[in-house]
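The residues making up each chain are set out below.
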Amino acid sequence: MRRRKFLAFAGAALAAPFAQKAVAQVQNWPDKPVKLILPYAPGGGTDLIGRPWAEKLTQSFGQQFIIENRGGAGGMIGTEAAAKAAPDGYSFLLTPNATLSVLPSLRKTPYDPKSFLPVGRVGDFVTGFSMHPAVGPKTFKEMIEYAKANPGKLSYGSAGLGTATHLRIEMLKYRAGIDILHVPYRGSADALNDHLPNTVQMMNEINTIPHVKAGKLLLLNINNATRHPDFPDVPTLTECGYANSDVPIWYSLFAPAGTPTPIVAKLNAKILEIANSQEMRERMRSINTVVPAQTPEEVVAYLEEDTARNVELIKATNMKLE
Amino acid sequence: MEIAGLLANLGLGFAVAVSLQNLLWCLAGAVIGTCIGVLPGVGPVATMALLLPVTYLLPAEGALIMLAGIYYGAQYGGSTTAILVNLPGESSSVVTTLDGYQMARQGRAGPALAIAALGSFFAGCVATVAIALAAPPLTRLAQQFTPPDYFSLMTLGLVFAIVLARGSVLKAFGMVFLGMLLGLIGTDVNTGNLRYTFGISDLFDGIGFVPLAMGVFGVAEIIANLTNPERAELASSKLSGLLPTREDMRRSIAPILRGTALGGLLGILPGGGAILASFSAYTLEKKFSRTPEKFGTGMIEGVAAPESANNAAAQTSFIPMLTLGIPSNAVMAMMIGGMMIHGIVPGPQVMEQRPGLFWGMIVSMWFGNLMLIVLNLPLIGIWVRLLLVPYRLLAIAILFFCCIGVYSLNNSANEVLMIAVFGLFGYLLMKLDFEPAPLLLGFLLGPMMEVYMRRTMLLSRGDPWVFLQRPLSLCFLLLAALLLAFVVLPNVRKAREAAFHE
Amino acid sequence: MRMRSSQDIAAGLLLLAFGLAGLWIGADYPMGTAQRPGTGVLPHILSWCLVATGVLIWLKAALAGSPPLSAWAWRPAIMVTLATVAFALLVDRLGLVVSMIVSMTFTALGTPDTRWREYLMFALLMLGLGVGLFIYGLGMPIPALPTGYPWK
């Protein structure tokens with residue numbers, strides 16, 4: 001007994017300087033540039049959200065928050081790099097939910113999605129199904145009727161296999177019992193290029209919104225729970241009769257397993273602060289994004305819910321990367 | 001077209017662009033871009049990504065102007081190394097090596113560089129005017145292209161790649177096919193299946209263009225030249241003047257005009273037209289020339305046309321980005337990123353909501369081109385003198401820059417190893433009298449063709465006849481077939497004669 | 001049929017080899033359907049094209065002859081390859097300076113007419129240029145000197 005106590009003391013004494021160092025680490029964090037790994041090539045949707053956040057975080061902490069684009073393999077390469085990064089609080093993953101809640105169900109990923117520690121949510125896209133005006137249907141209801149009357153005739157462009165936009169159409173097809181051809185593209189810009197001349201009739205991305213405002217495309221609905229402030233007449237998916245049929249596109253910051261909890265908490269607090277600021281809200285709104293405020297624990301729960309829903313959808317529709 | 005309205009817009013643009021700060025940013029961008037572009041391997045995308053955070057601090061116009069300057073600068077810098085040391089820094093400079101490097105070996109690097117600069121400047125000016133006058137109609141034209149049209153256009157591009165080869169047509173075919181196959185190495189994006197990767201994770205995303213180009217062009221050339229220095233040695237007696245002669249200028253006029261037109265049109269296609277610009281222009285010149293067999297030995301037309309074409313395409317590739325918010329390539333995607341940092345949502349309203357930005361950018365494009373010419377013409381003297389360095393030392397420098405350039409792309413030493421492999425492979429190809437240019441062009445086009453082929457088949461629900469039903473697609477395929485026939489038939493005839501003689 | 005060690009015989013065989021390799025390695029790639037062409041469609045087509053082209057070149061050479069292969073530049077090939085490989089292997093572990101020195105020396109060994117004093121001065125110049133431009137000028141995250149290996 002005495003020996004144990006002695007060992008415990010000795011252990012504590014030896015550990016003390018390290019513990020102090022650890023505490024100091026957290027207090028001084030960040031004291032050198034922080035890497036935000038984006039698992040996609042530059043210029044895509046993730047950049048859209050990531051860069052304003054990087055700028056704001058840099059301003060808030062007085063340390064550089066640098067975006068590192070590591071695209072490839074649908075997001076797997078960057079996510080893997082983040083999983084293997086040193087958990088010292090200087091590398092984070094900034095990703096849409098696809099890499100963590102969709103991809104692992106479709107293929108074998110070199111990382112464990114559950115190993116990541118959520119830090120905070122940085123943005124949800126607010127958009128809905130867009131339709132080219134030349135096709136005919138002008139509202140969501142008309143689109144469903146048209147699709148039922150003409151199975152397989154409509155086509156829909158997504159940002160790629162396994163992305164949230166791909167799942168959105170699969171979810172719609174499943175819930176409404178309709179047949180629409182899914183055409184995968186290499187990113188939303190690529191899809192928009194074919195959507196504008198009506199090569200594909202439908203899309204569900206935020207880069208269509210400026211074109212809707214210019215009158216070139218029609219917005220049929222909003223997938224989110226509340227209507228888009230710029231489009232007060234466009235109904236939500238729930239109002240159209242399809243509750244629980246959304247596949248949210250949400251972006252968040254994750255830390256590799258082992259990152260000290262105080263650092264995660266510190267960053268989360270800052271994220272919440274920035275997210276609630278008027279300036280950030282305006283900026284996010286201009287790119288059709290809202291930022292829900294959640295604590296890390298809430299993010300864990302949301303991720304599990306999202307994953308479960310996606311797994312169910314993938315199983316039900318027998319979705320594969322063909 | 002209301003001229004008054006156009007002039008008013010240009011006036012607004014000038015007012016924005018000519019502010020001292022914006023001119024400064026333009027210059028800074030052009031200088032940085034040129035320096036970066038000259039380093040083999042480090043391209044505009046990497047540079048822009050590095051400098052994007054710097055642009056947070058600048059006002060929106062300044063930031064975008066600077067980024068654009070970096071882009072043109074890097075384009076031009078890539079041509080410099082292509083001509084001087086046979087290193088194409090970018091896909092657009094591959095074709096410039098064919099005649100440009102030969103001219104350098106003949107002591108005519110100066111005229112080659114000068115014509116490249118002048119041709120690029122002219123093309124840039126014309127393209128700027130085209131954007132100012134006709135951005136919306138050009139956009140509509142581009143929107144006419146559907147996936148089968150893109151596929152057929154690229155097939156035509158592949159035929160161009162075969163036609164531009166100097167030597168045996170069969171060998172050119174072989175190189176194109178091999179290049180396409182090499183391009184397919186990696187992950188098949190549609191299915192996630194791996195192709196030809198042998199479990200090496202560095203290959204999962206395919207072979208990089210830069211290590212391949214550095215190896216097959218640069219390193220192979222070094223290996224060949226090291227024990228044959230008279231091939232590369234540039235005795236000062238051979239150095240004939242830095243400026244192009246009257247003759248050079250006369251011969252370059254038509255190619256520059258044709259190259260500009262062709263490149264300008266191809267650049268507006270968001271689906272990848274710009275890649276085709278330089279070698280389509282080269283092939284066109286070869287066809288128009290009275291001495292096509294001399295192409296590849298140092299014809300000035302073979303430098304003037306592709307250089308004008310790729311600069312025109314580089315400028316017009318801004319159009320889909322400015323009018324629709326659709327980036328044609330990674331560089332434009334970066335520009336969009338830059339816009340979004342400043343809260344500008346790219347799309348059709350940018351022209352109306354931020355006319356100062358829109359027209360300011362267009363006018364500063366012209367300034368950027370002007371600055372590049374002012375910067376680069378005097379530098380020609382320095383570049384050419386560099387070639388006088390004894391090859392045994394120059395080779396050391398070139399090899400080092402290749403290695404560090406490739407390394408810096410992704411901080412990956414493995415990519416440097418790939419240069420070694422491709423270098424040996426490139427040397428083997430040289431020994432067997434294969435040309436590397438069709439290999440690289442096939443490498444670039446192959447994967448893109450596959451994407452469009454699959455997309456066409458998906459949209460047509462499995463009907464292959466759609467390739468012949470779409471008028472544009474049919475046109476391109478017919479052109480490709482005709483061109484191929486022109487090139488192959490004489491060879492078939494020759495082969496039969498040779499066989500008869502046996 | 002004259003079978004000499006000629007350039008085009010080898011050229012044809014090279015392409016043939018690549019084509020056959022492509023077919024053999026890619027034999028299992030799924031071909032998909034008409035509407036959804038699979039992973040293996042283009043590789044198969046290209047491999048066959050390579051085989052055909054290789055055979056044609058070989059035939060042409062066998063029937064009509066072709067120039068013989070010129071001498072191989074063994075020394076430069078080996079040295080340049082070593083130089084590149086050395087750079088790749090050393091730059092992360094021992095820093096830019098060491099990897100530059102090793103790789104430049106290999107290149108210099110690749111040609112018989114290297115003058116060593118001249119090389120020394122040139123190498124110093126290159127070192128200065130390399131470190132100055134890439135590490136200080138462009139801020140690349142490459143260590144200049146061997147850092148903490150293995151004596152940290």
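Only a predicted model underlies this, so the values are computations on that prediction, with no experimental measurement involved.

If you tally the helices and strands in chain C, you get 4 helices and 0 strands. For chain C, with 152 residues in total, the buried portion stands at 43%. If you take every contact in chain C between residues at least 6 apart in sequence, the share linking residues at least 24 apart comes to 68%. Element-wise, carbon and sulfur atoms account for 73% of the exposed surface of chain C, whose accessible area totals about 8000 Å².

Residue and element names in this part refer to chain A. Viewed as axis vectors pointing N to C, helix α6 (residues 164–176) and helix α11 (residues 296–317) meet at an angle of 60 degrees, and their least axial separation amounts to 10 Å. Judged by the inter-axis angle, α6 sits oblique to α11. The crossing of α6 and α11 is left-handed. Across the interface between the two elements, Leu 167, Glu 170, Met 171 and Tyr 174 of α6 pack against Arg 309, Asn 310, Leu 313, Ala 316 and Thr 317 of α11. Its residues assigned to classes, the contact of α6 with α11 comprises 5 nonpolar, 2 polar and 2 charged.

Residue and element names in this part refer to chain B. Judged by side-chain polarity, Phe 122, Val 126, Ile 253 and Leu 257 come together as a nonpolar surface patch covering roughly 330 Å² of accessible area. When residues of the nonpolar patch are traced back to their parent elements, those giving at least two are α6 (109–143) and α10 (246–267). Summarising the element assignment, Val 126 is placed in helix α6.

The interface is formed by 39 residues belonging to chain A together with 31 residues belonging to chain B. Between chain A and chain B lies a buried interface of about 3100 Å² when both sides are counted; carbon and sulfur atoms form 61% of it. Considering only the surface of chain A that becomes buried against chain B, Arg 51, Arg 186 and Asn 193 of chain A emerge as the three largest contributors, covering 18% of it. Across the pair Asp 190 of chain A and Arg 455 of chain B runs a salt bridge, and its minimum N-O distance is 3.0 Å. For the pair chain A and chain B, the number of links is 4 residue pairs in polar contact (both at pLDDT 80 or more). Every element with two or more residues in the side of chain A that touches chain B is listed here: α2 (45–61), β7 (181–184), α7 (188–195), α8 (209–213) and α10 (278–286) of chain A. Element by element, the count of residues in the side of chain A that touches chain B is highest for α7 of chain A, at 5 residues.

This paragraph deals with the packing of aromatic side chains. If you walk through the whole model with that rule in mind, you get 28 aromatic pairs over all chains. Here the aromatic rings of Tyr 71 of chain B and Tyr 72 of chain B are separated by 6.3 Å at their centres, their planes lie at 35 degrees, and the arrangement is tilted. Judged by its relative accessible area of 4%, Tyr 71 of chain B is buried. Consider the rings of Tyr 196 of chain B and Tyr 29 of chain C, whose centres lie 5.5 Å apart with planes at 70 degrees: the pair is edge-to-face. On the criterion of chain membership, the pair formed by Tyr 196 of chain B in the loop between β2 (194–195) and α9 (209–226) and Tyr 29 of chain C in the loop between α1 (7–25) and α2 (41–64) is interchain, its members lying in two chains. Each member of the pair, Tyr 196 of chain B as well as Tyr 29 of chain C, is classed as buried. The aromatic ring of Tyr 90 of chain A is capped on one face by Lys 32 of chain A, whose charged end is 4.7 Å from the ring centroid. When the ring centre of Phe 61 of chain A is taken as reference, the NZ or CZ atom of Lys 270 of chain A above it lies at 5.4 Å.

We now examine helix α19 (residues 436–459) of chain B. All names here are of chain B. In a regular helix each residue adds 1.5 Å, so 24 residues correspond to 34 Å; α19 covers 35 Å between its end C-alpha atoms and thus fits that length. The sharpest bend along α19 measures roughly 25 degrees and falls at Leu 445, with the proline Pro 447 sitting one to four residues further on. In terms of burial, α19 is a largely internal element, 23 of the 24 residues being buried. The first or second residue beyond α19 is Arg 461, which carries a positive phi of 55 degrees.

Counting 239 residues, the largest nonpolar core has Trp 53, Phe 92 and Leu 267 of chain A, Phe 318 and Met 335 of chain B together with Phe 87 and Leu 96 of chain C as its most contacted members. No other element matches helix α17 (residues 391–410) of chain B, which puts 15 residues into this core. Those residues in contact with Leu 96 of chain C, other than ones at most four positions away along the chain, are Phe 400 and Ile 404 of chain B together with Phe 87, Val 91, Gly 130, Val 131, Ile 135, Ile 142, Pro 143 and Ala 144 of chain C. Residues Ala 191 and Leu 192 of chain A together with Leu 324 and Leu 459 of chain B belong to the second largest nonpolar core, which totals 20 residues.

With that settled, consider the interface of chain C and chain B. Taken together, the contact pairs 70 residues of chain C with 62 residues of chain B. Both faces combined, the contact of chain C with chain B buries some 5900 Å², and carbon together with sulfur accounts for 77% of it. In this structure, the connection of chain C to chain B is made through 2 salt bridges. Here Lys 171 of chain B makes a salt bridge to Asp 8 of chain C, at a shortest N to O gap of 2.6 Å. Counting across the interface, chain C meets chain B through 16 residue pairs in polar contact (both at pLDDT 80 or more). Where the side of chain C that touches chain B is concerned, the elements lending two or more residues are α1, α2, α3 (74–109) and α4 (116–137) of chain C. Broken down by element, the residue count for the side of chain C that touches chain B peaks at 16 residues, all from α3 of chain C. A per-class count over the side of chain C that touches chain B returns 46 nonpolar, 16 polar and 8 charged.

All names here are of chain A. Across the 6 residues of strand β10 (residues 250–255), 6 count as buried, placing the element largely inside the fold. Side chains Trp 250, Ser 252 and Phe 254 of β10 all project onto a buried face; the interleaved residues Tyr 251, Leu 253 and Ala 255 project onto the opposite face, where all are buried too. Of the pairings in the sheet, the one linking strand β3 (residues 91–96) to β10 comprises 4 bridges and is antiparallel in character. Residue pairing across strands places Leu 93 opposite Phe 254, the latter belonging to β10.

Before going further, it helps to spend a moment on the confidence of the model for chain B. On average, chain B scores 84 in pLDDT, and the residues at 70 or more come to 94%. Per-element mean pLDDT across chain B ranges from 72 in helix α3 (residues 44–51) of chain B up to 93 in helix α8 (residues 169–183) of chain B.

Residues and elements named next belong to chain A. The mixed open sheet is built from 6 strands, whose spatial order is β2-β1-β3-β10-β4-β11. In this open sheet, the two edge strands, each paired with only one partner strand, are β2 (65–69) and β11 (289–290). Sheet topology places strand β4 (residues 117–125) next to β10; 6 bridges connect them, and they run antiparallel. Each residue of the ladder has a partner; that of Arg 121, found in β10, is Ser 252. The sheet contacts of helix α9 (residues 261–275) involve β2, β3, β4 and β10, and relative to β4 the element is tilted by about 20 degrees.

Our next topic: the packing of α8 of chain B against α19 of chain B. All names here are of chain B. One way to put it is that α8 packs onto α19 with a least axis distance of 6 Å and a crossing angle of 50 degrees. With respect to α19, the axis of α8 lies oblique. In this structure, α8 meets α19 at a crossing whose hand is right-handed. In this structure, α8 uses Ala 172, Met 175, Val 176, Leu 178, Gly 179, Met 180, Leu 182 and Gly 183 to contact α19, whose residues at the interface are Pro 438, Leu 439, Gly 442, Phe 443, Gly 446, Pro 447 and Met 449. Considered class by class, the residues forming the contact of α8 with α19 number 11 nonpolar, 4 polar and no charged.

Cut-offs used in this document
Residues numbered from 1 in each chain as written. Chains lettered and ligands numbered in written order. Predicted model: local features only at pLDDT ≥ 70, side-chain atom pairs only at ≥ 80, totals over all residues. Heavy atoms only, no water. Helix = DSSP H or I, 4+ residues; strand = E, 2+ residues; numbered from the N terminus. Buried < 20%, exposed > 50% of the residue type's maximum accessible area, 1.4 Å probe, protein only. Contact = heavy atoms within 4.5 Å. Areas by Shrake-Rupley, 256 points an atom, 1.4 Å probe, with all protein chains shown as cover. Axes fitted to C-alpha atoms, helices over the stretch in contact; angles between N-to-C directions. Parallel < 35°, antiparallel > 145°, perpendicular 65-115°, else oblique. Left-handed = near helix turned anticlockwise from the far one by under 90°. Nonpolar A, V, L, I, M, F, W, Y, C, P; charged D, E, K, R; others polar. Patch = residues over 30% accessible without salt bridge, like charges linked within 9 Å, V, L, I, M, F, W, Y side chains within 5 Å. Salt bridge = Lys/Arg side-chain N within 4 Å of Asp/Glu carboxyl O. Buried area = accessible area lost by both parts, 1.4 Å probe. Polar contact = N/O pair within 3.5 Å; in protein donor to acceptor, adjacent residues only side chain to side chain. Phe/Tyr/Trp six-rings, centres within 6.5 Å; stacked < 30°, edge-to-face > 60°. Lys NZ or Arg CZ within 6 Å of the ring centre and 35° of its normal. Expected span 1.5 Å × (residues − 1). Bend = angle between axes of the 7 residues up to and from the residue. Core = buried A, V, L, I, M, F, W, Y, C linked by side-chain atoms within 4.5 Å. Pairing = 2+ DSSP bridges. pLDDT = per-residue confidence, 0-100.

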